[in-house]
Protein chains: 2
Amino acid sequence: MTTPERTSAKSDAKPTTTPGAKAEAKPGTRERIVRATSRLLQRQGYEGTGIKQISREAEATLGSVYHFFPGGKQELAAEAIRHGDEEFAVLLRAGLDSSTDLGEAITTCTRMLAEELRASDWQDGCPISSTALETVGRVPVIEAAVTEAFAHWHAIVTERLRAGGIGEEDARELAGTVISALEGAELAAQIARSEQPLLVTGKHLARLLASYTDGRA
Amino acid sequence: MTTPERTSAKSDAKPTTTPGAKAEAKPGTRERIVRATSRLLQRQGYEGTGIKQISREAEATLGSVYHFFPGGKQELAAEAIRHGDEEFAVLLRAGLDSSTDLGEAITTCTRMLAEELRASDWQDGCPISSTALETVGRVPVIEAAVTEAFAHWHAIVTERLRAGGIGEEDARELAGTVISALEGAELAAQIARSEQPLLVTGKHLARLLASYTDGRA
DNA sequence: GAATCGCTAGAACGAACGCTCTACTCAGAG
DNA sequence: CTCTGAGTAGAGCGTTCGTTCTAGCGATTC
């Protein structure tokens with residue numbers, strides 16, 4: 001009775017831009033809304049971000065927001081989490097693939113995160129942690145998107161560690177610690193307004209990984 | 001002009017209970033308000049927690065809240081952060097002092113955190129991280145309290161590492177990584193609804209610390 | 001007994017919240 | 001031309017927000 005079929009356009013992958021427009025010309029309304037939501041959630045969290053503020057920043061109207069996301073704020077936030085998921089995954093892959101040496105690959109990740117953080121004046125930390133903490137155990141739709149994001153990142157790191165010569169079981173466990181440490185270090189860096197926590201954590205993670213690869217290989 | 005002198009009772013340490021009552025009988029209004037705020041901020045974050053909800057949970061009236069915290073929500077939140085700071089510090093000290101072995105001390109910390117988390121049905125993570133993320137760079141009073149809390153915890157861990165035979169510089173750096181990793185692992189555990197991320201991170205931190213103590217001592 | 005003071009009590013304010021609703025624009029199909 | 005349907009536009013709903021305000025309670029002090 002609640003029109004379960006039309007929860008949103010989801011992954012229709014339709015252009016959404018005015019038909020016939022160039023791919024990267026102007027993002028199209030739906031895309032603009034998702035991007036604005038993602039950035040606002042990252043900076044102000046779920047409860048701190050209003051739908052009207054989103055529509056303002058996205059240069060879309062309230063009507064458009066509810067047109068594309070009939071599920072309201074929760075559905076919109078879940079989609080924004082998926083956007084942030086992919087964003088972080090791209091950075092993670094870029095860093096991890098930057099070197100054949102595992103330690104260097106990890107420290108590159110932390111260096112990239114530190115640079116982004118500084119460039120945003122310590123505002124843009126993890127794109128989903130704030131929303132995740134606020135909604136854990138209370139907004140299932142968002143929780144599901146968050147869980148998937150973590151699993152996604154975990155899989156990326158696990159695969160890289162395996163490729164670096166670490167065994168299946170160890171790789172899975174270490175990947176979890178790597179992501180946790182990055183997450184925590186990013187929070188610490190934001191609070192301290194300093195790149196140091198991220199860079200130091202990178203160094204220690206590299207050392208930890210080395211203790212699994214040295215004497216094996 | 002804004003009556004800067006009377007921002008609150010602060011650390012008056014007066015009983016606040018009805019005069020003459022036993023120390024632990026019933027916490028007294030101010031204390032009840034701070035405790036309720038701390039728990040609510042931990043679970044729902046800053047923006048997700050309303051002052052009326054706080055007064056309801058604390059079994060105090062709105063008048064009482066503004067009597068004790070004329071600075072409003074911000075001052076109240078800052079005080080609650082300081083409460084959470086001390087709460088976490090107590091657990092940290094208990095865990096770190098539980099063994100003469102550094103690695104065991106750390107894994108005890110993660111085990112304690114995991115137990116608390118499970119006992120609260122994965123609700124009560126770090127008491128300040130949610131609020132910290134929401135207000136970073138936007139609410140100076142709260143930011144200051146958060147910065148102080150991190151510095152406090154950092155000092156506790158640093159001292160323990162030094163006592164465990166790690167040099168000054170290494171101890172300071174490692175303490176930062178330890179706290180970051182705990183913070184991140186707690187978030188991961190909340191999301192996964194599992195003790196595993198915390199326990200695994202404990203194991204890895206112990207191994208990392210061992211790599212600094214072995215071959216030195 | 002009157003005055004004082006720390007604290008309780010809750011009605012009321014304007015602003016903002018998430019969301020619903022109707023009206024409108026406009027390109028393409030028949 | 002009309003018709004259709006995706007998308008735009010924003011007024012307005014009821015609710016809740018943080019805060020202010022006045023009134024009153026009850027114990028202590030003169």
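Residues numbered from 1 in each chain as written. Chains lettered and ligands numbered in written order. Predicted model: local features only at pLDDT ≥ 70, side-chain atom pairs only at ≥ 80, totals over all residues.

Caption draft 1: Local environment of the overall build of chain A. Scanning chain A from terminus to terminus reveals 9 helices and 0 strands. Going from the N terminus to the C terminus, chain A shows its helices and strands as α-α-α-α-α-α-α-α-α. A total of 217 residues make up chain A; the buried ones form 46% of that total. A sequence separation of at least 24 residues applies to 64% of the contacts in chain A between residues at least 6 apart. (Helix = DSSP H or I, 4+ residues; strand = E, 2+ residues; numbered from the N terminus. Buried ≥ 20, exposed ≤ 12 C-beta atoms within 10 Å, placed from the backbone. Contact = placed C-beta atoms within 7 Å.)

Caption draft 2: Representation of the environment of T201 of chain B within the structure. Position of T201 of chain B relative to the elements: it lies in helix α9 (residues 196-213). What makes T201 of chain B buried here is the crowd of 30 C-beta atoms within 10 Å. The spatial distance from the C-alpha of T201 of chain B to the C-alpha of A181 of chain B is 7.1 Å, given a sequence separation of 20 residues. Setting aside residues no more than four positions away along its own chain, T201 of chain B makes contact with T177 and S180 of chain A together with T110, A181 and A185 of chain B.

Caption draft 3: Structural detail: the protein's contact with DNA strand D. Near DNA strand D, the surroundings consist of 17 residues, among which G63 and S64 of chain A together with G50, G72 and K73 of chain B are the closest. Every element with two or more residues in the surface near DNA strand D is listed here: α3 (62-68) of chain A together with α2 (51-57), α3 (62-68) and α4 (72-96) of chain B. Here the surface near DNA strand D takes 4 residues from α3 of chain A, the largest share from any one element. Within the surface near DNA strand D, the residues separate by chemical class into 5 nonpolar, 10 polar and 2 charged. (Near = placed C-beta within 6 Å. Nonpolar A, V, L, I, M, F, W, Y, C, P; charged D, E, K, R; others polar.)

Caption draft 4: The relation of the copies chain B and chain A, seen in detail. Rotating chain B by 180 degrees and translating it 0.0 Å along the rotation axis places it on chain A, where the RMSD comes to 0.0 Å. The transformation just described matches what one would write down for a two-fold rotation axis. (Least-squares fit on C-alpha atoms with pLDDT ≥ 70 in both.)

Caption draft 5: Main features of the protein's contact with DNA strand C. Within the structure, DNA strand C sits among 18 residues, and G50 and G72 of chain A together with T29, G63 and S64 of chain B are positioned closest to it. Looking at the surface near DNA strand C, the elements with two or more residues in it are α2 (51-57), α3 and α4 (72-96) of chain A together with α3 of chain B. The leading source of residues in the surface near DNA strand C is α3 of chain B, at 4 residues. The class makeup of the residues in the surface near DNA strand C is 6 nonpolar, 10 polar and 2 charged.

Caption draft 6: Focus on helix α1 (residues 29-44) of chain B. All names here are of chain B. Here α1 contains 16 residues, and its C-alpha end-to-end distance of 22 Å stays within 8% of the 22 Å for a straight helix at 1.5 Å per residue. Of all 16 residues making up α1, 13 are buried, and the element is well covered by its neighbours. Where α1 terminates, the next one or two residues include G45, which has phi positive at roughly 80 degrees. (Expected span 1.5 Å × (residues − 1).)

Geometry only, nothing functional implied.
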